Amino acid sequence: MQLSTTVCALATPPGEGGIAVIRVSGPDAYAIVEKVFVPIHQNKKVADAKGYTALFGHFVLRGQTMDETVALFYRAPHSYTGEDVIELSVHGGTVMADSLLEALYLAGAVPAAPGEFTRRALVNGRISLTQAEAVMEIISAGGRQGAALASAALDGALAKKIAGIQATLQSLYAHLAAWIDYPEEDVPELLPDELTMTLEEAKGELDKLIAGYGAGAILRHGVDCVLCGRPNVGKSTLLNLLAGFERAIVTPVAGTTRDVVEQAVMLGDVRLNLFDTAGVRDVGEKGDAIEAEGIRRSWKKLDEAGLVLAVFDADAGLGPDDLSVAEKCQGRPAIAILNKQDLVADDDRLRTMEETLAPYFKKVLCLSAKDSASLPKLSAAVSDLLGTGQVDTGAAALCSARQLRAATAARDALAQAIRSQQEEGLGPDAAGVCMADALAALAELTGEDATEATIDEVFSTFCVGK
Ligand code: GDP
């Protein structure tokens, strides 16, 4: 990336839409836009436009007047990238946006690489690496809670939290180093208890961040969810309830759901990426080959799922097929749904079935998939199981696999430092070595010491125009 160039790209999604916004950023932004944009008032000039102002006019491609255009001006350093930036809005659809990009290229701008605007903001010191990651998370967030989490990261909640831990460790490390390196000086002794207590506190903060990662990631990206159960128990009916319309074909004949149906639905704050299954039952050698393939795929999905909803027919009762489904769910993040509750008048019968299923599942719910009143019940159970109900969306949170990796490395180094003092009986210099490792991992997390490869990793997932 060369900061001396001026880049441009479409900032809105490609395709049909009311408007398309093209962003231009770099030292020649004003000079380049001057060549392609003609303000409606002849006495107005792009070169004179102040930051945070707008001009109306049209753009020109190869001498030909094109679409009406609104130009929004930002002056360095008060812009997203920290450079001179102009955002040009034209009518939506791709034709005008493509023509404007062509005009900008002819005038000397170059196409922006994916994430280049945000990368420039990072290089120009406008945002930190964790904030850059937050930008990406906001763009791709699957729900309001997930977006709120990412937005807290953009405000720098994580950066502040990490900075606090770094400051504590750094001052402890400095004290330790002074005490070890200058025994003849009057450095106050560092009591072993004091040392481990501070290390425990810092480790505890990191433990909390690491523990919250899973639920936060689910709020941002949703969870892969498998619906399983033998034919006719009501999986399609449940899917329709979740989706709010007739998605799967519901019939009273066994085995109609043949393939893995993919669909995303919101259940409370959690996006479920749903995989309906072909009806999980053993198919003998004479079994239907297509259905067997569907079943194989269903089980594979079950291995990868972050949430399993296993459906059982309370009216029909539990048979051997049901128990084999239950067995496959053991140890997984699985909820048993005893469906068709409306058909069962005998509460004791329901309770016995619940007790039979309980050992295999994290939760057992009795409900009726035909009744929309079942949704809040299911939603509460899911948010409880996944821990998403406890997430404080305003608090510091790790928001990428990269951050999780760095935080875990720092936490592990601190755990080693504590062990060296408490179990291994080593001197404080051993703790010092581990603390240096922890500090290095934290610097990697915040991006202070991020290598070019780390920055490339962060920006590899960005889209063009951001
Ligand atoms: P699948 O094969 O597991 O997808 O099962 P379906 O969703 O096709 O449902 C099988 C039959 O059970 C259909 O006739 C549904 O209308 C019926 N059914 C599903 N859920 C309920 C329920 O909660 N109560 C009642 N009474 N019938 C249900």
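Residues numbered from 1 in each chain as written. Predicted model: local features only at pLDDT ≥ 70, side-chain atom pairs only at ≥ 80, totals over all residues. Heavy atoms only, no water.

1. Structural notes on the overall build of the protein chain
So, point 1. On a plain count of helices and strands, the protein chain comes out with 15 helices and 13 strands.
So, point 2. Every one of the 466 residues in the protein chain was classed for burial, and the buried ones make up 48%.
So, point 3. For the protein chain, long-range pairs separated by at least 24 residues make up 68% of all intrachain contacts whose partners lie at least 6 apart in sequence.
So, point 4. Within the structure as shown, the protein chain displays about 21800 Å² of accessible surface, and the carbon and sulfur contribution to it stands at 53%. (Helix = DSSP H or I, 4+ residues; strand = E, 2+ residues; numbered from the N terminus. Buried < 20%, exposed > 50% of the residue type's maximum accessible area, 1.4 Å probe, protein only. Contact = heavy atoms within 4.5 Å. Areas by Shrake-Rupley, 256 points an atom, 1.4 Å probe, with all protein chains shown as cover.)

2. Some details on helix H14 (residues 428-446)
So, point 1. Across its 19 residues, H14 extends 27 Å between first and last C-alpha, which sits within 8% of the 27 Å expected from 1.5 Å per residue.
So, point 2. Of all the positions in H14, only Ala 430, Ala 431, Gly 432, Cys 434, Met 435, Ala 438, Leu 439, Ala 441, Leu 442, Ala 443, Leu 445 and Thr 446 are classed as buried.
So, point 3. Positive backbone phi, at 95°, marks Gly 447, one or two positions downstream of H14. (Expected span 1.5 Å × (residues − 1).)

3. Observations concerning the site of the ligand
So, point 1. Lining the immediate environment of the ligand, one finds 18 residues, of which Asn 232, Lys 235, Ser 236, Thr 237 and Ser 368 sit closest.
So, point 2. For the ligand, an oxygen atom lies 2.8 Å from a polar atom in the backbone of Lys 235.
So, point 3. Between the ligand and Asp 342, the relevant distance is 2.9 Å, taken from a nitrogen atom to a side-chain nitrogen or oxygen of the residue.
So, point 4. Ranked by residue count, the leading element in the shell around the ligand is helix H8 (residues 235-243), at three residues.
So, point 5. Of the residues assigned to the shell around the ligand, the class counts are five nonpolar, eight polar and five charged. (Near = heavy atom within 4 Å. Polar contact = N/O pair within 3.5 Å; in protein donor to acceptor, adjacent residues only side chain to side chain. Nonpolar A, V, L, I, M, F, W, Y, C, P; charged D, E, K, R; others polar.)

4. As for the layout of surface pockets
So, point 1. Taken as a whole, the second largest pocket spans an internal volume of roughly 270 Å³.
So, point 2. Around the second largest pocket, the lining comprises 14 residues; the ones closest to its centre are Lys 208, Leu 209, Gly 212, Ala 395 and Ala 396.
So, point 3. If you tally residues by element for the lining of the second largest pocket, the top one is helix H7 (residues 192-221), at seven residues.
So, point 4. Looking at side-chain class alone, the lining of the second largest pocket contains eight nonpolar, two polar and four charged residues. (1 Å grid on protein atoms, 1.4 Å probe; cavity = no way out; pocket = protein on both sides within 12 Å on 5 of 7 lines; lining within 4 Å. Points joined across faces, edges and corners; volume = space filled by probe spheres on them.)

5. A few points about the pairing of strand E8 (residues 223-228)
So, point 1. Most of E8 sits out of view: five of its six residues are buried.
So, point 2. When E8 meets strand E11 (residues 307-313), the two strands line up parallel, connected through four bridges. When the bridges of E11 are listed, Leu 227 appears paired with Leu 309. (Pairing = 2+ DSSP bridges.)

6. With respect to the nonpolar core
So, point 1. Residues Leu 169 and Leu 199 are the most contacted members of the largest nonpolar core, which totals 31 residues.
So, point 2. Taken together, the elements giving at least two residues each to this core come down to helix H6 (157-181), H7, helix H13 (401-422) and H14.
So, point 3. Non-local contacts of Leu 169, meaning those with residues more than four positions away in its chain, are made with Leu 199, Ala 202, Leu 414, Met 435, Ala 438, Leu 439 and Leu 442.
So, point 4. Judged by nonpolar contacts, the second largest core, of 28 residues, contains Val 36, Ala 49, Phe 59 and Ala 107. (Core = buried A, V, L, I, M, F, W, Y, C linked by side-chain atoms within 4.5 Å.)

7. Topic: a nonpolar patch on the surface
So, point 1. Side chains of Ile 40, Phe 56 and Val 70 sit close together on the surface and give an oily, nonpolar patch of about 250 Å² of accessible area.
So, point 2. Using a relative accessible area of 37% as the deciding quantity, one classes Phe 56 as partly exposed. (Patch = residues over 30% accessible without salt bridge, like charges linked within 9 Å, V, L, I, M, F, W, Y side chains within 5 Å. Salt bridge = Lys/Arg side-chain N within 4 Å of Asp/Glu carboxyl O.)

8. Details of helix H11 (residues 347-357)
So, point 1. Taken residue by residue, H11 has Leu 350, Met 353 and Leu 357 as its buried positions. Projected onto a plane normal to the axis of H11, the buried residues spread over an arc of 65° and lie on a single side.
So, point 2. For H11, the capping residue at the N-terminal end is Asp 346, with a side-chain oxygen 3.0 Å from the backbone nitrogen of Asp 348. (Arc of directions from axis to C-beta.)

9. Regarding the packing of aromatic side chains
Pairs of aromatic rings are described using the distance from one ring centre to the other and the angle between the two planes.
So, point 1. Taken as a whole and judged by the stated rule, the model has three aromatic pairs.
So, point 2. The interplanar angle of 80° and the centroid separation of 5.8 Å between the aromatic rings of Phe 312 and Phe 361 together place this pair among those described as edge-to-face. Of this pair, Phe 312 sits in strand E11 while Phe 361 sits in the loop between H11 and strand E13 (363-366), and the two are 49 residues apart along the sequence. Across this residue pair, the class does not change: Phe 312 and Phe 361 are buried.
So, point 3. The lysine or arginine in question, Arg 23, covers the ring of Phe 117, its NZ or CZ lying 5.2 Å from the ring centre.
So, point 4. Over the face of the ring belonging to Tyr 30 we find Arg 75, whose NZ or CZ atom lies 3.7 Å from the ring centre. (Phe/Tyr/Trp six-rings, centres within 6.5 Å; stacked < 30°, edge-to-face > 60°. Lys NZ or Arg CZ within 6 Å of the ring centre and 35° of its normal.)

10. Digging into the sheet that holds strand E3 (residues 37-39)
So, point 1. In space, the seven strands of this open sheet follow the order E3-E4-E5-E6-E2-E1-E7, with mixed pairing throughout. Two strands bound the open sheet, and with one partner strand each, they are E3 and strand E7 (110-111).
So, point 2. Relative to the sheet, helix H3 (residues 116-123) contacts strand E1 (7-10), strand E2 (19-25) and E7, its axis offset from that of E1 by approximately 135°. (Axes fitted to C-alpha atoms, helices over the stretch in contact; angles between N-to-C directions.)

11. Things to note about the environment of Ala 9
So, point 1. By the secondary structure assignment, Ala 9 is in strand E1.
So, point 2. It is 9.3 Å that separates the C-alpha atoms of Ala 9 and Ser 25, two residues lying 16 residues apart in sequence.

12. Quick look at the environment of Gln 390
So, point 1. Mapped onto the elements of the fold, Gln 390 is located in the loop between helix H12 (374-386) and H13.
So, point 2. Classification of Gln 390 by relative accessible area gives exposed; the value is 60%.
So, point 3. Residues Gln 390 and Gly 216 lie 174 residues apart in sequence; the distance between their C-alpha atoms is 9.8 Å.

13. Some points on the pairing of E11
So, point 1. In terms of burial, E11 is largely enclosed, as seven of its seven residues are buried.
So, point 2. Of the two faces of E11, the one holding Leu 307, Leu 309, Val 311 and Asp 313 and the one holding Val 308, Ala 310 and Phe 312 are both buried throughout.
So, point 3. Strand direction decides the pairing type here: E11 and strand E12 (residues 334-339), joined by six bridges, are parallel. Paired with Phe 312 across the bridge in E12 is Leu 338.

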